[in-house]
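Geometric and topological summary
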Amino acid sequence: MPEFQYKAREMSGHQVTGILTAATEKEALASLTAQQLFPLQVDLAESSKAAAKQVTRRVPSKYLAVFYSQLADLLKSGVPLLRSLELLSRQSTHAALKVVVADVRDQVAEGSRLFDAMKSHPKAFTPLMISMVRAGEEGGFMEDVLKRIATFTEQQEELKGKVIGAMVYPLFLLTVGGGVVVVMLAWLVPKFDGLFETMAARGELPWATTSLMAMSEWTQNYWAFGILGVAGATYGLLQWLKTEDGRRKLDLFRLKAIGLGRIVRSLAVARFCRVLGTLLQNGVPVLTSLQIAKDATANVILTDAIETAASNISEGKSLAGPLAASKQFPEEIVEMIAVGEEANNLENVLIDISDNLERRTGREIEMVVRLLEPVLLLMLASVVLFVVIALLLPILQSSSIV
């Protein structure tokens, strides 16, 4: 719990200072009043301010995966939850995670359920993880849920690492290429201004050279405005994407983007199938499982489709029918779900679907990244070729070669 430093007056008028522990500032004020002290100033102690700053930082997934796995092992070995959390808090090597686990432990010691304590740290624990922990607490299979969360987190981290690793070289090419073009426009092209003045006065400059000179002049004179414009547009876009409408438009674009839409959809469906299958394997009712698993898609469009499917299931229909009607799930996936429902083996079918989708999507990501490298090289070469041609054409014209 956080600590508060205070200044207060006793009934006699004597001023006192000190530090007390309370859940909120309101509770700290009530505690002072109960001690017959008149509070003058109540603030968070420096140690609690530092801890609060650490809590606001995101905890990397690799540390969370280790936390989930170790907590599952301790609980499975019979170690009580409070003692397990205290032990993991002391042993954690990540400062923010150490503070988060310690606070979760304190809340649980005061009577809160684990998922409620986790919910107070949205920067560390995602809604999906919180929902799964809640299902594990209610269903009595907490150890299995934590182990599966750890496995799921590790798989997502591994896939994320592969994507980032594969994108390093293309991003390097893009950065270097952009820098080369900017240097050419700001330093190389102006060297030819005096050479082209006469031809420009006679209107004999080719359109490519005229365009290049205009871009060079703009780069020299207005580069600061360009940077501010890009920064402002980026900030505005990020703020808009935080709104409900912005999030929905972005998720729809991600699903329909040429080349990447199929990959994004496959990854989202794979996550949904894995979480839903895992919950069903542990005996969680299908409606509760759907309400938890829908968050795994991380896509508003797919989440809405799953919520519609859940409402139809409550009316006695199958899962495959509503998913097919939403037009958001691939036809072959819906067919496999239908077969799993008919065979009363849906949970295992969902896990198989997730495995197959992740393998196939991994190959597609590798192929897209491999294609991206030559495409970026071609774009960079085209820009450089344009600059060279735009500079050479007037020289060739003036020497009567052309």
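Before reading further, recall that the structure is shown in the block above.
Residues numbered from 1 in each chain as written. Predicted model: local features only at pLDDT ≥ 70, side-chain atom pairs only at ≥ 80, totals over all residues. Heavy atoms only, no water.

Helix and strand counts for the chain come out as 17 helices and three strands. Against the globule reference of 21 Å for 402 residues, the chain gives a C-alpha radius of gyration of 30 Å, more extended than a compact globule. For the chain, the spread of C-alpha atoms along the principal axes amounts to about 95 × 75 × 35 Å. For the chain, contacts bridging at least 24 residues in sequence account for 61% of all contacts bridging at least 6. In the structure as shown, the chain presents an accessible area of about 22,700 Å², 60% of it carried by carbon and sulfur atoms. (Helix = DSSP H or I, 4+ residues; strand = E, 2+ residues; numbered from the N terminus. Rg over C-alpha atoms; globule rule 2.2 N^0.38 Å. Contact = heavy atoms within 4.5 Å. Areas by Shrake-Rupley, 256 points an atom, 1.4 Å probe, with all protein chains shown as cover.)

It is worth spelling out the packing of aromatic side chains at this point. The tally for this structure, following the rule as stated, stands at seven aromatic pairs. Both rings, one in F67 and one in F125, keep their centres 6.3 Å apart while their planes meet at 45°; by these two values the pair is tilted. Here the residue F67 occupies a position in helix α3 (residues 61-76), and F125 occupies one in the loop between α6 (114-119) and α7 (127-139), the gap between them amounting to 58 residues. By relative accessible area, which is 8% here, F67 ends up buried. (Phe/Tyr/Trp six-rings, centres within 6.5 Å; stacked < 30°, edge-to-face > 60°. Buried < 20%, exposed > 50% of the residue type's maximum accessible area, 1.4 Å probe, protein only.)

Another aspect to go through is the pattern of salt bridges. Scanning the model with the defined rule gives 14 salt bridges in all. Taking the shortest distance from any N to any O, the salt bridge between R105 and E86 comes out at 3.8 Å. Placement of the pair is R105 in helix α5 (residues 95-109) and E86 in helix α4 (residues 81-91), with a sequence separation of 19 residues. You can call E86 partly exposed: its relative accessible area is 35%. Here K119 and D116 are joined by a salt bridge, their closest N and O atoms 3.8 Å apart. You can see K119 and its partner D116 sitting in helix α6, three residues apart, about one turn around the helix. (Salt bridge = Lys/Arg side-chain N within 4 Å of Asp/Glu carboxyl O.)

Here the focus is unusual backbone geometry. For Q36, which is not a glycine, the phi torsion comes out positive at approximately 60°. Within the secondary structure, Q36 is located in the loop between α1 (25-34) and β3 (38-44). In this model, K327 sits at a positive phi of 65°, which is unusual for a non-glycine residue.

The subject of this paragraph is the pairing of strand β2 (residues 15-21). Relative to β2, strand β1 (residues 3-9) is paired through seven bridges, and the arrangement is antiparallel. Counted as the bridge partner of K7 is T17 from β2. Counting the residues that bridge the hairpin from β1 to β2 gives five residues, and of these G13 lies at a positive phi of roughly 100°. (Pairing = 2+ DSSP bridges.)

The first and last C-alpha atoms of helix α14 (residues 300-313) sit 20 Å apart over 14 residues, in line with the 20 Å expected at 1.5 Å per residue. When we look at burial in α14, the residues that qualify are I301, L302, T303, A305, I306, A309, A310, N312 and I313. Contacts from the buried residues of α14 go to α11 (244-256), α12 (261-281), α13 (286-293) and α15 (320-326). Measuring from the side-chain oxygen of the N-cap residue of α14 to the backbone nitrogen of I301 gives 3.0 Å; that N-cap residue is N299. (Expected span 1.5 Å × (residues − 1). Polar contact = N/O pair within 3.5 Å; in protein donor to acceptor, adjacent residues only side chain to side chain.)

This part is about the nonpolar core. Proteins that are soluble and globular tend to have nonpolar side chains buried together. Core analysis: the biggest nonpolar cluster contains 70 residues, and F67, Y68, F125, L319, F329 and I337 have the highest contact counts within it. Considering each element in turn, this core owes the most residues, nine residues, to α12. L185, L205, M213 and V387 belong to the second largest nonpolar core, which has 12 residues in total. (Core = buried A, V, L, I, M, F, W, Y, C linked by side-chain atoms within 4.5 Å.)

Below, the discussion takes up the packing of α12 against α13. Packed helix pairs are characterised by how far apart their axes lie and by the angle those axes make with each other. The interhelical angle for the contact between α12 and α13, taken along N-to-C directions, is 145°, at an axis separation of 9 Å. Considering the relative orientation of α12 and α13, their crossing is right-handed. Contacts between α12 and α13 pair F272, V275, L276, L279 and L280 from the former with V286, S289, L290, I292 and A293 from the latter. The residue inventory of the contact of α12 with α13, partitioned by class, reads nine nonpolar, one polar and no charged. (Axes fitted to C-alpha atoms, helices over the stretch in contact; angles between N-to-C directions. Left-handed = near helix turned anticlockwise from the far one by under 90°. Nonpolar A, V, L, I, M, F, W, Y, C, P; charged D, E, K, R; others polar.)

With that settled, consider the packing of α11 against α14. In contact at an axis separation of 7 Å, α11 and α14 are set at 95° when each is read in the N-to-C sense. For the element pair α11 / α14, the angle class is roughly perpendicular. Listed contacts from α14 to R247, R248, D251, L252 and L255 of α11 are V300, I301, L302 and D304. When its residues are assigned to classes, the contact of α11 with α14 shows five nonpolar, no polar and four charged. (Parallel < 35°, antiparallel > 145°, perpendicular 65-115°, else oblique.)

Moving on, we come to a nonpolar patch on the surface. Residues Y169, F172, V176, V180 and L377 make up a contiguous nonpolar surface patch of about 440 Å² in total accessible area. Top contributing element to the nonpolar patch by residue count: helix α8 (residues 142-188), with four residues. Checked against the element boundaries, Y169 lands in helix α8. Look at Y169 and you get partly exposed, because its relative accessible area is 39%. (Patch = residues over 30% accessible without salt bridge, like charges linked within 9 Å, V, L, I, M, F, W, Y side chains within 5 Å.)

Bringing α12 into the picture now. With 21 residues, α12 ought to run about 30 Å at 1.5 Å a step, and its terminal C-alpha atoms sit 30 Å apart, in line with that. Two residues or fewer past α12, G283 is found with a positive phi of approximately 85°.

Right, let's talk about the side chain of H121 for a bit. Residue placement: H121 occurs in the loop between α6 and α7. For H121, a relative accessible area of 6% puts it in the buried group. One polar contact links H121 to D103, side chain to side chain, over a distance of 2.7 Å.

Honestly, it's all geometry; don't read function into it.
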